[in-house]
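Secondary and tertiary structure notes
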Amino acid sequence: MPVTSLNRRAACLSLLGGMAALAVPFRSDAEARFDERTKVFRLDGDGVTYAFGIDSVGQIQALHWGGSLAVDDPLPAAPKPSDFSGFDRANSVTPLEYVAFGGGLVTEPSLKVAFPDGGRDLVLRYAGHEMTAEGIRVRLKDISAEVHVELTYGMDKATGMLSRSARVYNRTRRPLRIDQMAAATLNLPFADDYELHYLTGRWAGEWTVQKRPLEAGSTVLESRLGMTGSQNNPWFAVGRKDVSEEENGPVWFGALAWSGSWRMVVEKDILGHSRITAGYNPFDFAYLLKPGESLETPVFYAGYSPDGMGGASRRMHRFQRTVILPGAPAPKLRPVLYNSWEATEFAVTEQGQVALAEKAATLGVERFVMDDGWFGKRNNDRAGLGDWTVNREKFPQGLTPLIRRVRELGMEFGLWVEPEMVNPNSDLYRAHPDWVINFKGRPRSEGRNQMVLNLARKEVCDYIIKSLDLLLSENDIAFLKWDHNRSWSEPGWPERPVAEQQRLYVDYTRHLYAILAEIRRRHPRVEIESCAGGGGRVDLGIMRFSDQVWPTDNTDPFDRLKMQDGFSQAYMPGVMMAWVTASPNWVNKRSTSLEYRFLSAMQGCLGIGDNLNHWTPDEFATAKRLIAEYKAVRATVQRGDLYRLISPQDNSPRSATLSVSDTRRQAVLFAFLHSSSKFEPAPLLQLRGLEPQTRYAVRAFAGTVADDTPKVASGAYWMNHGVKLPLRGDFQAAACVFDAV
Ligand code: GLA
């Protein structure tokens, strides 16, 4: 039965009213146990054990997070907490799983509240637990007030990835203000040689890997932007200095699944205990809980690998593929796409797009995406956002003729949208100037000439769902590139009672998720890319609703190598879009060969973003050949295990990656050279992850292998002896595939 717009609207309202749970309905199939005698809980999965226990005063103490222990290993009960001095009371120097501001706490609280009488003391004690289908639920309660907290623990058996989240309940008779709330505090085993790895960036320069020793004090990773941000990504990894390397040594890592303002505090206390607390960013935060209400946090996922940074990434990648992404455990492979942005910018027309589509189809492109400029009065970035109707000057018959042609050419059709935004010069803003995030009577700062719609408001969500639903119902659209080109300013919600206005920080993002879920529910075939002026919104929260992400607007193939390396620390290559665009590239005016540009983009999900009207027949031939090669190896590149053989970081002139398929029947090697000097010979690259006994044939599909390379050899040969790709010159690249014979 067709769904009428009326009951669709009702469905939308009830959906947002209920606000879908934040915690992923997590299939925690790991072993969860509780020892009555010692009061110790433990979770086990894929070589990882996580254990915690109730101590004699009812606090929950961390006991073990690392490699797995034997089932019958005696985990001693949590020790009796004791003060270190009059300045440092027990709660500040004990490795606690979740600690509220109260009882003299001076370290980072997991939770901080304010009572209506001005009281801000909260001391949580164990109040019960349940072993659930999701794992373990531990209940805590304040020593006197009816403030309850539930901690939820789960573990994915296949990857050992721990999931932790918290929910606070106000069961008092008066409102309770939440000033700060984390999903979890994770305590690292005691050691004094930790090194913290994290990711920083900015527009066109995302995914920079940073390292610093974890010394006494705190390191704060955060976003105050109302969105994930590229300044810091909500991911961390901790290794042991000079012990943990790319493929060896212990690494603890984690990521917060949240696409709004977030914070991770990495602390080393006065006794040398290290811990990481992650959740809502307390900066400008306040969430009023009325009696009977509760607030849930996003999920903080965490893992452990004994196999260095590479092992940590591979676990994260596998976890994303099998648990997080739409279609998990087997998300669809990413099609090769064409995107019009760099070719035409806002100057899209039916004729121009058809011409590009016809050329793209000859290359073997599978999805044609029209970027910005097709709607409203959108001729530049100063107008049109918010008006999601087709621009009739550019598309007199609507989108149908273009889409029909794209479909005839054997491709899917995709479209760019930026639904959370509005230009002041738009019909939407003229009709609803109150729909943007703003403070009454104050300036409304613009970013890229646009403002942010207040998604915390239901009527705004209704409008977005209605506009997109119409677009997707009337047109044969397979894909949306969902953009978000500015961060928040003046974060006000004047329509709400003063005490509730800062709920914006939670409600906006939850509603964004609800909108995405609703669009996907109504149009299950439509895939979505998360983009935020490049890589500003890549996190495990948005990835639940996004089939792929746009990591950066920087399409320079050499810059990309470093960014892709940074990206891959936390996120899988199988969601990372990468386009082949014009040379010289607009970012650095750097010239590179078409083959080099292809090989750089083939490390992720391949797209073409150049103006095909400028290509020569030779370029068409090269592109066609390499797209066919990509299709033959993409399952391995997108889903396989990634080994970063040579890192492009620290100005290394060389870099190389290897992807090995799940079955270990195929491996794909990419090697790059920035510039050669002094006749330096190419190194032998020792492969990883192959079956030693299996025989693999090597075939270079770009560049060559050294003359003395055998055509077929055992996995042991390729891993222990290696293969040489003799690159010489500037911006050189080669790639080969190893297929089991
Ligand atoms: C952002 C995106 C680009 C492009 C433009 C269009 O910058 O990251 O890829 O879509 O918007 O305005």
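These numbers were taken from a predicted model, which means no experiment stands behind them. (Residues numbered from 1 in each chain as written. Predicted model: local features only at pLDDT ≥ 70, side-chain atom pairs only at ≥ 80, totals over all residues. Heavy atoms only, no water.)

1. Side note on the sheet that holds strand S4 (residues 60-67)
Backbone-to-backbone hydrogen bonds join strands into a sheet, with any given pair of strands oriented parallel or antiparallel. Selection rule: DSSP-based pairing: two strands are paired if at least 2 bridges between them are found. Secondary structure is summarised from DSSP: a helix means a run of H or I of at least four residues, a strand means a run of E of at least two, and numbering begins at the N terminus for each. Angular values range over 0 to 180 degrees, each being the angle between N-to-C directions of two axes fitted as lines to C-alpha atoms, with helices fitted over their stretch in contact.
Spatially, four strands are ordered S1-S2-S3-S4 in an open sheet, and the strand pairing comes out antiparallel. Across the chains shown, the open sheet's two edge strands, defined by having one partner strand only, are strand S1 (31-35) and S4. Ignoring which end each strand starts from, the neighbouring axes of this sheet average 15° apart. In the sheet, strand S3 (residues 48-54) pairs with S4 via seven bridges, with the strands oriented antiparallel. When the sheet's bridge partners are listed, Thr 49 is paired in S4 with Gly 66.

2. What to know about the sheet that holds strand S30 (residues 605-608)
Read from one edge of the open sheet, eight strands run S28-S27-S26-S23-S22-S21-S30-S29, paired in parallel fashion. Lying at the two open borders of the sheet, with one neighbouring strand each, are strand S28 (548-549) and strand S29 (577-580). Alignment of strand S22 (residues 367-370) against strand S23 (residues 412-417), held across four bridges, turns out to be parallel. Bridged to Val 369 within S23 is Gly 414.

3. Regarding the site of the ligand
Going by this rule: Working definition: residue near molecule or strand if any one of its non-hydrogen atoms lies within 4 Å of it. Whenever a nitrogen or oxygen atom comes within 3.5 Å of another N or O atom, the pair is scored as a polar contact, on the condition that within protein one atom can donate a hydrogen and the other can accept it, and that pairs from neighbouring residues in sequence are kept only if both atoms are in side chains. Surface accessibility follows the Shrake-Rupley procedure with a 1.4 Å probe radius. Residue values consider only the protein chains on display as shielding.
Near the ligand, the surroundings consist of 13 residues, among which Asp 371, Asp 372, Arg 448, Lys 481 and Asp 553 are the closest. Asn 485 is positioned such that a nitrogen or oxygen atom in its side chain is 3.3 Å from an oxygen atom of the ligand. In the model, an oxygen atom of the ligand is placed 3.1 Å from a nitrogen or oxygen of the Gly 534 main chain. With the chains in place, 97% of the 310 Å² that the ligand exposes on its own is no longer accessible.

4. Considerations on helix H10 (residues 557-570)
Selection criterion: What a helix is expected to span follows from its residue count: subtract one and scale by 1.5 Å. Accessibility here uses a 1.4 Å probe with only protein chains present; expressed as a share of the type maximum, an area under 20% marks a residue as buried, one over 50% as exposed, and anything in between as partly exposed.
Across its 14 residues, H10 extends 20 Å between first and last C-alpha, which sits within 8% of the 20 Å expected from 1.5 Å per residue. Extensive coverage of H10 is indicated by the burial of 13 of its 14 residues. The backbone nitrogen of Phe 558 lies 2.9 Å from a side-chain oxygen of the residue at the head of H10, namely Asp 556.

5. A look at the layout of surface pockets
Here the idea is plain: a probe the size of a water molecule rolls over the atoms and shows the empty space left. Basically, it comes down to this: Put simply, the grid is 1 Å and covers the protein atoms alone, a cavity is a trapped set of points that fit a 1.4 Å probe, a pocket is an open set with protein on both sides within 12 Å along at least five of seven lines, and lining residues have an atom within 4 Å of a point. Grid points are joined across faces, edges and corners, and a volume is the space filled by probe spheres set on the points. Any residue outside Ala, Val, Leu, Ile, Met, Phe, Trp, Tyr, Cys, Pro, Asp, Glu, Lys and Arg is labelled polar, Gly included; the first ten of those are nonpolar and the last four are charged.
Here the largest pocket is characterised by a volume of approximately 760 Å³. A per-class count over the lining of the largest pocket returns 13 nonpolar, 14 polar and 13 charged.

6. Quick word on the confidence of the model for the protein chain
Here is the rule: Each residue carries a pLDDT score, the predictor's own confidence in it, on a scale running from 0 to 100. Note on contacts: a residue pair is in contact if any heavy atoms of the two residues lie within 4.5 Å.
Of all residues in the protein chain, 96% have pLDDT values of 70 or greater, and the mean over the chain is 95. Predicted confidence for residues 1-15 stays below pLDDT 50, and this span has 14 contacts to residues more than four positions away or in other chains.

7. Notes on a nonpolar patch on the surface
Put simply, the rule is: The patch calculation keeps residues exceeding 30% relative accessible area without a salt bridge and links them within 9 Å when they carry like charges or within 5 Å when they are nonpolar (Val, Leu, Ile, Met, Phe, Trp, Tyr). Salt bridges are identified by distance alone: a Lys or Arg side-chain nitrogen within 4 Å of an Asp or Glu carboxyl oxygen.
A cluster of nonpolar side chains, Phe 84, Ile 270 and Leu 271, forms an exposed patch at the surface whose accessible area comes to about 290 Å². For Phe 84, the location among the structural elements is in the loop between S4 and helix H2 (90-93).

8. A short note on the packing of helix H5 (residues 350-363) against helix H6 (residues 400-408)
Cut-off, in case you're wondering: The cut-offs work like this: below 35 degrees is roughly parallel, past 145 is roughly antiparallel, 65 to 115 is roughly perpendicular, and the gaps in between are oblique.
Close contact between H5 and H6 brings their axes to 10 Å; oriented N to C, the two are set at 5°. If you check the angle between H5 and H6, you find them roughly parallel. Contacts between H5 and H6 involve Glu 350, Gln 353, Val 354, Ala 357 and Glu 358 from the former and Pro 401, Leu 402, Arg 405 and Val 406 from the latter. Considering only residue class, the contact of H5 with H6 consists of five nonpolar, one polar and three charged.

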